[in-house]
Amino acid sequence: MEFNYDVIVIGAGHAGCEAAAAAANLGSKTCLITMDMNKIGQMSCNPAVGGIAKGQIVREIDALGGYMGLVTDKTAIQFRMLNRSKGPAMWSPRAQCDRGKFIWAWREILENIPHLHIWQDTVEELLVEHGAVTGVITCWGVTFHAKCVVLTAGTFLNGLMHIGHKMLAGGRCAEPASYHLTESITRHGIVAGRMKTGTPVRIDARSVHFDLMDIQEGENDFHRFSYISEPRRLKQLSCWTCFTNEAAHEVLRSGLADSPLFNGQIQSIGPRYCPSIETKIVTFPDKPQHQLFLEPEGESTRELYLNGFSSSLPMDIQLAALQQIPCFKDIVVYRPGYAIEYDYFDPTQLRHTLESKIVKNLFFAGQVNGTTGYEEAGGQGIIAGINAHINCHGGEPFVLGRDEAYIGVLIDDLVTKGVDEPYRMFTSRAEYRILLRQDDADMRLTERAYRLGLASADRYERLCHKREDIARIVDFAKNFSVKADKINDALIQLGSTPLAHGCKLIDLLSRPQLTIGNLSSHIPAFQETLASVSEAKDETIEAAEVLIKYKGYIDRERMIADKIHRLEAIRIRGKFDYEQLQSLSTEARQKLVKIDPETLAQASRIPGVSPSDINVLLVLLGR
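What counts and what doesn't
Residues numbered from 1 in each chain as written. Predicted model: local features only at pLDDT ≥ 70, side-chain atom pairs only at ≥ 80, totals over all residues. Heavy atoms only, no water. Helix = DSSP H or I, 4+ residues; strand = E, 2+ residues; numbered from the N terminus. Rg over C-alpha atoms; globule rule 2.2 N^0.38 Å. Buried < 20%, exposed > 50% of the residue type's maximum accessible area, 1.4 Å probe, protein only. Contact = heavy atoms within 4.5 Å. Areas by Shrake-Rupley, 256 points an atom, 1.4 Å probe, with all protein chains shown as cover. Lys, Arg positive; Asp, Glu negative; His and termini not counted. Charge placed at Lys NZ, Arg CZ, Asp CG, Glu CD. Core = buried A, V, L, I, M, F, W, Y, C linked by side-chain atoms within 4.5 Å. Pairing = 2+ DSSP bridges. Axes fitted to C-alpha atoms, helices over the stretch in contact; angles between N-to-C directions. Polar contact = N/O pair within 3.5 Å; in protein donor to acceptor, adjacent residues only side chain to side chain. Salt bridge = Lys/Arg side-chain N within 4 Å of Asp/Glu carboxyl O. Expected span 1.5 Å × (residues − 1). Phe/Tyr/Trp six-rings, centres within 6.5 Å; stacked < 30°, edge-to-face > 60°.

Visitor: So what exactly am I meant to see when it comes to the overall build of the protein here?
Guide: When helices and strands are counted, the protein shows 21 helices and 21 strands. The C-alpha atoms of the protein give 26 Å as radius of gyration, which agrees with the globular expectation for 623 residues (25 Å, within 12%). For the protein, the spread of C-alpha atoms along the principal axes amounts to about 80 × 70 × 55 Å. Taken across its 623 residues, the protein has 57% of its residues classed as buried. Within the protein, contacts between residues at least 6 apart in sequence are counted, and of these 73% link residues at least 24 apart. On the protein, roughly 25,300 Å² of surface is accessible, and the fraction owed to carbon and sulfur atoms is 52%. On the protein, the mean spot of the 68 positive side-chain charges and the mean spot of the 76 negative ones are 3 Å from each other.

Dropping the structure here:
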């Protein structure tokens, strides 16, 4: 064997898998180094993919030619489209997955990608010469040489797990931590910090009283994560919900003195939007109950995941509290919940390509950048893998804008604003969320990925067919005239106001009570047009209807985004010595020196840089 590669990816979690696959599919000779080949793509916490804004990220990964969506569809045991009661900008796909099958689906994919090799080992040292990475050394003493290195180590860097006063080194339950690598990186001037996350108890289904819980069924319609995957193949299962109560809260309060979160044992910051159960009862002392979700871990296993009950309290306190909840009165668990602290690196030290500003050709992706969640990790991974390949073989950096993708919002937030707690994506973080819907990720991104060489010709051909079909449906609705006497009976039947005179079909479809589905059966010519849709018929019709109903909102948001693009076009990196600009506020000077923004638009998003500071820079630029 020759241990010389274009790209080395450290860690085979969700970021590492996408990074390695992207670099290799683009043609780079790539090596994915992982501690355990049997844990590739491991779902360390919840066995689920997607959710609010996260589901949009997975569809974007898929549209770019990544694999998370395909693997999720292949291993899904429940699917739901969240937020259907709201507008389409908020619709978010989510799936429960079979944890074991998810791992092996990823491994099957990775082992069959040309140019990609997997090596089971632990990286201990980063090799750097003249300010650029040149390779790594593993704990087995193997030296790998590479043009680029992508670090996606998740929670393993100096990982420390907590259950009550008990502390145990590890990157995940029953898996060792990674030592020395953080120190090998920080010696080159890269700043590291500590963060905390946690996971809940795993329950034996045979001990649960399901009759005392509310069942939560999935959906089995045409919606999927990938634009090219087949319908779901595994048995579709239910989830269940229940609530904590005051008796359980009393038990939890009795253990707070032994909680690592409250006795000073854990110093780092945990995720705000996924708090532990002990944090919930302290933060919301007047709330009598908190909702819990009981979710299957697989198609055939008895293991269940208790979503909403993350904890690092002593094991006896966790069990005693759960026993106060009627459905868990006879509970038997496989293992308790625990917290884990780990190293991360300040993401403001990165460019938008996710390359380090300090060490050339070194990329960071995933939880090492201060994020939380499989989807956020996968989105960073595919961008890092693409740009590592570009650094090896030449080409323009691949960067997504805030109006192009949630992935673009995520990375811009990280490198511009930094993090002081684990970062989780929400629709509210995107100012252009009407443009970033889950239904049109392929429209936004697949052509770019095809030009890059990552999306396949088949995927691009499907996109072209879909685009033509949508245009045909929209054009028909714009041009087809509906006569009042022919449609009024149907309108009354559908609960809509009758027409006084004829109108275009598109005007009818703008009404909230009317849809393509309930109106087309009354218009034979429209049915013929819909019958001509060549591929992904239901998905295509839904996408066309969204464009018809929300055209005004979409056009307005696109106009706003185009205005902001004027600032994106004004490049300022290297043009100012900010420390010498006394007309800027002190905070603005400090933040601009630290971030060194690429464009004026990025500078405007830095916390502490005011509109007046931006005006000063515009004046100095002669604009």
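Visitor: What's the story with the nonpolar core in this structure? I'm lost.
Guide: For soluble globular proteins, nonpolar side chains are generally found buried alongside one another. The biggest cluster of nonpolar side chains holds 106 residues, and the ones touching the most others in it are Ile8, Leu110 and Leu151. Of all the elements, helix 9 (residues 374-393) adds the most residues to this core, at nine residues. Setting aside residues up to four positions removed in sequence, Leu151 forms contacts with Ile10, Leu157, Leu181, Ile185, Phe345, Phe363, Phe364, Ala365 and Val368. Among the nonpolar cores identified, the runner-up in size contains 27 residues, and Phe476, Ala484, Ile487 and Ile541 belong to it.

Visitor: Where do I start with the pairing of strand 9 (residues 143-151) in this structure?
Guide: A regular strand places its side chains so that they alternate between the two faces of the sheet. Pairing of strand 1 (residues 4-10) with strand 9, which is carried by six bridges, proceeds in the parallel orientation. By the bridge assignment for strand 9, Asn4 is matched with His145. Looking at chain direction, strand 8 (residues 132-138) and strand 9 are connected through three bridges and run antiparallel. Pairing of Gly135 across the sheet is with His145, part of strand 9. Here strand 9 pairs with strand 19 (residues 362-364) via three bridges, running parallel. Directly across from Val150, in strand 19, lies its bridge partner Phe363.

Visitor: Would you explain the sheet that holds strand 5 (residues 92-97) in this entry?
Guide: Neighbouring strands of a sheet are bound in pairs by backbone hydrogen bonds; such pairs are parallel or else antiparallel. The three strands are arranged 3-5-4 in an open sheet whose pairing can be described as antiparallel. The open sheet has two edge strands, strand 3 (48-50) and strand 4 (76-82), and neither has a second partner. Put simply, the sheet's adjacent strands are angled 15 degrees from each other on average, direction ignored. Direction of pairing for strand 3 relative to strand 5: antiparallel, over a ladder of three bridges.

Visitor: Is there a simple way to think about the side chain of Thr244 in this case?
Guide: As for its position among the elements, Thr244 is in the loop between strand 14 (239-243) and helix 6 (246-254). Side-chain polar atoms of Thr244 contact the side chain of His249, separated by 2.8 Å. At 2.8 Å, the side chain of Thr244 and the backbone nitrogen of His290 are in polar contact.

Visitor: Could you clarify how one ought to interpret the pairing of strand 1 in this entry?
Guide: With six of seven residues buried, strand 1 is to be regarded as a mostly interior element. In this sheet, strand 2 (residues 30-34) lies alongside strand 1 in parallel orientation, the contact comprising four bridges. When the bridges of strand 2 are listed, Ile8 appears paired with Cys31.

Visitor: It is not clear to me how the pattern of salt bridges should be interpreted in this structure. Could you clarify?
Guide: All told, the structure shown has 46 salt bridges when counted by the stated rule. Between Lys101 and Asp98 there is a salt bridge; the shortest N-O distance is 3.4 Å. Given the relative accessible area of 35%, Lys101 is considered partly exposed. A relative accessible area of 7% means that Asp98 is categorised as buried. A single salt-bridge network, built from bridges that share partners, covers Arg402, Asp412, Asp413, Lys417, Glu431, Glu568 and Arg605.

Visitor: Is there a simple way to explain helix 4 (residues 99-111) in this structure?
Guide: Two residues of an α-helix separated by three or four positions point the same way, owing to the 3.6 residues in each turn. With 13 residues, helix 4 should cover 18 Å at 1.5 Å per step; its first-to-last C-alpha distance of 19 Å lies within 8% of that length. Here helix 4 starts with a cap whose side-chain oxygen sits 3.2 Å from the backbone nitrogen of Gly100, and that cap is Asp98.

Visitor: Is there a simple way to explain the environment of Ala455 in this structure?
Guide: Following the sequence through the fold, Ala455 ends up in the loop between helix 11 (441-452) and helix 12 (457-479). On the basis of relative accessible area, Ala455 is assigned to the buried category, the value being 6%. Distance in space between the C-alpha atoms of Ala455 and Gly65 is 4.5 Å, their sequence separation being 390 residues.

Visitor: So what exactly am I meant to see when it comes to unusual backbone geometry here?
Guide: The bulk of non-glycine residues show a negative phi, and the bulk of peptide bonds are trans. Phi is positive for Asn83, which is not a glycine, with a value near 65 degrees. Residue position: Asn83 is located in the loop between strand 4 and strand 5.

Visitor: I tried to follow helix 11 on my own but got confused; where do I start?
Guide: Its 12 residues give helix 11 an end-to-end C-alpha distance of 16 Å, which sits within 8% of 16 Å, the value for a rise of 1.5 Å per residue. Within two residues after helix 11, Gly453 carries a phi angle of roughly 105 degrees, on the positive side.

Visitor: Whenever I open this one, the packing of aromatic side chains confuses me. Can you help?
Guide: For any pair of aromatic rings, the description consists of the separation of the ring centres together with the inter-plane angle of the planes. All chains considered together, the criterion is met by 14 aromatic pairs. Pairing Trp119 with Phe144 gives two aromatic rings, centres 5.8 Å apart and planes at 70 degrees, and the pair type is edge-to-face. In this pair, Trp119 sits in strand 6 (residues 116-120) while Phe144 sits in strand 9, placing the two residues 25 residues apart along the sequence. Of the residues examined, Phe144 reaches a relative accessible area of 0% and is grouped as buried. A centroid spacing of 5.2 Å and a plane angle of 55 degrees characterise the contact between Phe345 and Phe364, whose relative ring orientation is tilted.

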